[in-house]
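Below, each chain spelled out in residue letters.
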Amino acid sequence: MEELELTINKRRTFAIISHPDAGKTTLTEKLLLYGGAIRLAGSVKSRKAAKHAVSDWMEIEKQRGISVTSSVLQFDYDGYRVNILDTPGHQDFSEDTYRTLMAADSAVMLIDVAKGVEDQTKKLFHVCRQRGIPVFTFVNKLDRYGKNPFELMEEIEQVLGIRAYPMNWPVGIDGSYVGVYNRQQAQVELFAKDGAHGQSVLPSTMGSVSDPAFRELLGESVHAALCEDIELLDMAGDAFDYDLVAAGELTPMFFGSAMTNFGVRPFLEEFLKLAPAPVARISSEGEINPASEEFSAFVFKIQANMNPAHRDRLAFIRICSGKFTRGMSVYHAQSGKAIKLAQPQQFLAQERTIIDEAYPGDIIGLFDPGIFGIGDTLCQEGAKFTFQDFPVFPPEQFAKVQPKDTMKRKQFVKGMTQLTQEGAVQVFRQSEFASEAFIIGVVGSLQFEVLEYRLKNEYGVELLMDRLSFSVARWLTGDEQAIKSMKSIDSGMMIRDIKDRPVLLLSNEWAIRWVSERNPGVEFLEIPPNS
Ligand code: GDP
């Protein structure tokens, strides 16, 4: 029992969130490098170029050189077991990214020093905030010119509404920083000039900021500027408060360059100390303590047809409590069946291996005979509880889809049903008449492409897809009659979700306000009721 607790306390499961191009792939690779999981950095990077090596199961990834779905990378560092949930770093990100955050205990928010807080940083941060998980900030690309660190702190506060506490501070002149100052230890760490483009661990020297040797090395003006900044931070900045960090209300901030490895090790070490170990999760039976002896987990992602030759389907589960052992039998709450977990897979730097045991915080992939759905609970036989429903993320883009060939109706419905179960898209139908078509809603337009591609390749159905001009959906609650006789909705579209709840599509927030003012008896919800 105690042993289980110790094992859990050493686990760190997190996701890196960022706008595309901020350097997430590079940072992930460098964390693996420092973790000793890869010898020469470059292997994760090459994912983008030679993607087919690991994921030729999905042509679309090859064609566009992007990662459509996310996986997990695991390594050990300093006694910690690190699980990095890899989220797709593409412009058109999808619900998959959001769901991955459900499996994380904390997030690292990567910011490009020159660009500051960008659009997708905001969206992803928002999801983390809703979950209340701690967010750590890594300001990247410090080897280049960028915004002033004070300016970035202010931007984070203004745009994201969270205060930042710099754990370290860049030393030197913008565009050519030479090291970082560790505020807690009052130490300077200077990095060697990187000659090998960060392919190996970067040597550094550490010392006290008041050490004359450092002063001399830094030069009078750099040293003076650093001392001034430190004083300003100590006087005007927030105090470090771990409770605020844990509650997601203060973000510890780090500076570095993933490319040159500058600041990567200090970040990793400090982050691992501060980031939370797996905590209790809420279920229908109250909180489930990770150290409870009874195994439990939930499905946060389903990836089908990873290997076209086998047509397999993998369900990724996040372990929440107890110990997992290969071959164990668990209870699948949603189907009411007992399932033997025979061939669990784990991932180390892109390679799949069969694993024998796993603990809370770990992610494993299970072969899915087609019974799992996103958010499903697995628990010890006899326990019978379910974790909280997964949130439904408000779709922002909509399309009407039907099979090109009406003879393919059966396969179309089968494909749509399975892909909905996987959470690839959200499906609705038009309420007034039984239409052949479905209305689908997505968060990112890439999901449309994936749907089109997969229906064709996996179910042999070509789609007719008409994009709709709506961009907001509202679930309607209130008096059934009031909903039926709603006024001023000509510009919108009434649909029903898969649970037959009424939903109104409109073109923008302004239209929602306009309609809601004219229908006081109806409530407009951004997400489905009771989800
Ligand atoms: P992702 O889209 O967030 O995964 O970003 P990548 O890791 O692919 O990086 C995007 C681009 O930024 C690539 O050309 C990287 O080489 C570059 N990059 C990443 N980190 C740094 C850094 O610390 N400094 C500089 N100058 N470039 C970087």
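Quick caveat: nothing in here was measured; it's all calculated off a predicted structure.

Peer 1: Explain the packing of helix 2 (residues 24-34) against helix 12 (residues 264-274) here, please?
Peer 2: Axes are the key here: two packed helices are described by the angle between their axes and the distance separating the axes. At their nearest, the axes of helix 2 and helix 12 sit 10 Å apart, and the two run at 80° to each other. Classified by the angle their axes make, helix 2 and helix 12 are roughly perpendicular. Note on element contacts: helix 12 touches helix 2 through Val264, Arg265 and Leu268, opposite Lys30, Leu31 and Tyr34. Residue classes in the contact of helix 2 with helix 12 are distributed as 4 nonpolar, no polar and 2 charged.

Peer 1: Looking at this structure, how should I read the sheet that holds strand 31 (residues 522-525)?
Peer 2: The strands making up a sheet associate through backbone hydrogen bonding, with each pair oriented either parallel or antiparallel. Overall, antiparallel pairing links the 8 strands, which are arranged 27-24-26-25-29-30-28-31 in an open sheet. Across the chains shown, the open sheet's two edge strands, defined by having one partner strand only, are strand 27 (463-468) and strand 31. Adjacent strand axes in the sheet meet at a mean angle of 40°, parallel and antiparallel pairs treated alike. As paired strands, strand 29 (residues 493-497) and strand 30 (residues 502-506) are joined by 4 bridges and run antiparallel to one another. Paired with Met493 across the strands is Leu505, a residue of strand 30.

Peer 1: Where do I start with the site of the ligand in this structure?
Peer 2: Around the ligand lies a shell of 16 residues, among which Gly23, Lys24, Thr25, Thr26 and Met259 are the nearest. Across the shell around the ligand, the residue classes tally to 4 nonpolar, 7 polar and 5 charged.

Peer 1: Even after reading the chapter, I still don't get the pairing of strand 8 (residues 176-182), so can you show me in this structure?
Peer 2: Note on strand geometry: in a regular strand, side chains alternate between the two faces of the sheet. Looking at chain direction, strand 7 (residues 168-173) and strand 8 are connected through 6 bridges and run antiparallel. Residue pairing for strand 8: Gly172 is matched across the bridge by Tyr177. Between the antiparallel neighbours strand 7 and strand 8 lie 2 residues, among them Gly175 with a positive phi of about 95°. Two strands pair when backbone bridges link them, and strand 8 and strand 9 (residues 187-191) are joined in this way by 4 bridges, in the antiparallel orientation. Across the sheet, the residue bridging to Asn182 is Gln187, located in strand 9. Between strand 8 and the antiparallel strand that follows it, strand 9, lie 4 residues; Ala186 among them carries a positive phi value of about 50°.

Peer 1: What is the right way to look at unusual backbone geometry in this model?
Peer 2: Positive phi, normally seen in glycine, also occurs at Lys141, with a value near 70°. When you line up the elements, Lys141 lands in the loop between strand 5 (135-140) and helix 8 (149-160).

Peer 1: What is the right way to read the nonpolar core from this model?
Peer 2: Generally speaking, nonpolar side chains in soluble globular proteins are found buried as a group. Membership of the largest hydrophobic core comes to 131 residues, with the highest contact counts inside it found for Ala107 and Ile317. When residues in this core are grouped by element, the largest group, 6 residues, is from strand 15 (residues 313-321). Discounting chain neighbours no more than four positions away, the residues touching Ile317 are Ala297, Phe298, Val299, Ile364, Leu366 and Leu378.

Peer 1: Even after reading the chapter, I still don't get the environment of Asn457, so can you show me in this structure?
Peer 2: Here Asn457 shows up in helix 14 (residues 446-459). For the pair Asn457 and Tyr331, spaced 126 residues apart in sequence, the C-alpha to C-alpha distance is 33 Å.

Peer 1: Whenever I open this one, the sheet that holds strand 3 (residues 80-85) confuses me. Can you help?
Peer 2: Overall, mixed pairing links the 7 strands, which are arranged 2-3-1-4-5-11-6 in an open sheet. The open sheet terminates on both sides in strands that have one partner only, identified here as strand 2 (72-77) and strand 6 (163-166). Pairwise comparison of adjacent strand axes, ignoring direction, gives a mean angle of 30° for this sheet. Here 5 bridges tie strand 1 (residues 11-18) to strand 4 (residues 106-112), and the two strands are oriented parallel to one another. Within strand 4, the residue paired with Phe14 across the bridge is Ser106. Seen against the sheet, helix 12 touches strand 1, strand 2, strand 3, strand 5 and strand 11 (250-255) and runs at an angle of roughly 160° to strand 11.

Peer 1: For this particular structure, what's the right way to read helix 7 (residues 119-131)?
Peer 2: Along an α-helix, residues three or four positions apart point the same way, because every turn accommodates 3.6 residues. The end-to-end C-alpha distance of helix 7, which contains 13 residues, comes to 19 Å, matching closely the 18 Å that a straight helix rising 1.5 Å per residue would cover. Residues of helix 7 that are buried: Thr121, Leu124, Phe125, Val127 and Cys128. Looking down the long axis of helix 7, one finds its buried residues gathered within 155° of arc, a one-sided arrangement. Those residues of helix 7 that are exposed and aimed more than 90 degrees away from the buried face are Asp119, Lys122 and Gln130. The inward-facing, buried residues of helix 7 abut strand 1, helix 6 (95-102), strand 4, strand 5 and helix 8. Looking one or two residues past helix 7, Gly132 carries a phi angle of roughly 75°, positive in sign.

Peer 1: Got a minute to help me understand the packing of helix 13 (residues 409-422) against helix 14 in this structure?
Peer 2: Relative orientation of the contacting elements helix 13 and helix 14 amounts to 125°, with a least axis distance of 10 Å. The orientation of helix 13 relative to helix 14 falls into the category oblique. Classified by chirality, the crossing of helix 14 by helix 13 is right-handed. Seen from helix 13, the contacting residues are Gln411, Lys414, Gly415 and Leu419; seen from helix 14, they are Leu451, Arg454, Leu455, Glu458 and Tyr459. Considering only residue class, the contact of helix 13 with helix 14 consists of 4 nonpolar, 2 polar and 3 charged.

Cut-off values and rules
- Residues numbered from 1 in each chain as written.
- Predicted model: local features only at pLDDT ≥ 70, side-chain atom pairs only at ≥ 80, totals over all residues.
- Axes fitted to C-alpha atoms, helices over the stretch in contact; angles between N-to-C directions.
- Helix = DSSP H or I, 4+ residues; strand = E, 2+ residues; numbered from the N terminus.
- Parallel < 35°, antiparallel > 145°, perpendicular 65-115°, else oblique.
- Contact = placed C-beta atoms within 7 Å.
- Nonpolar A, V, L, I, M, F, W, Y, C, P; charged D, E, K, R; others polar.
- Pairing = 2+ DSSP bridges.
- Near = placed C-beta within 6 Å.
- Core = buried A, V, L, I, M, F, W, Y, C linked by C-beta atoms within 7 Å.
- Buried ≥ 20, exposed ≤ 12 C-beta atoms within 10 Å, placed from the backbone.
- Expected span 1.5 Å × (residues − 1).
- Arc of directions from axis to C-beta.
- Left-handed = near helix turned anticlockwise from the far one by under 90°.

Keep in mind these values describe shape, not function.
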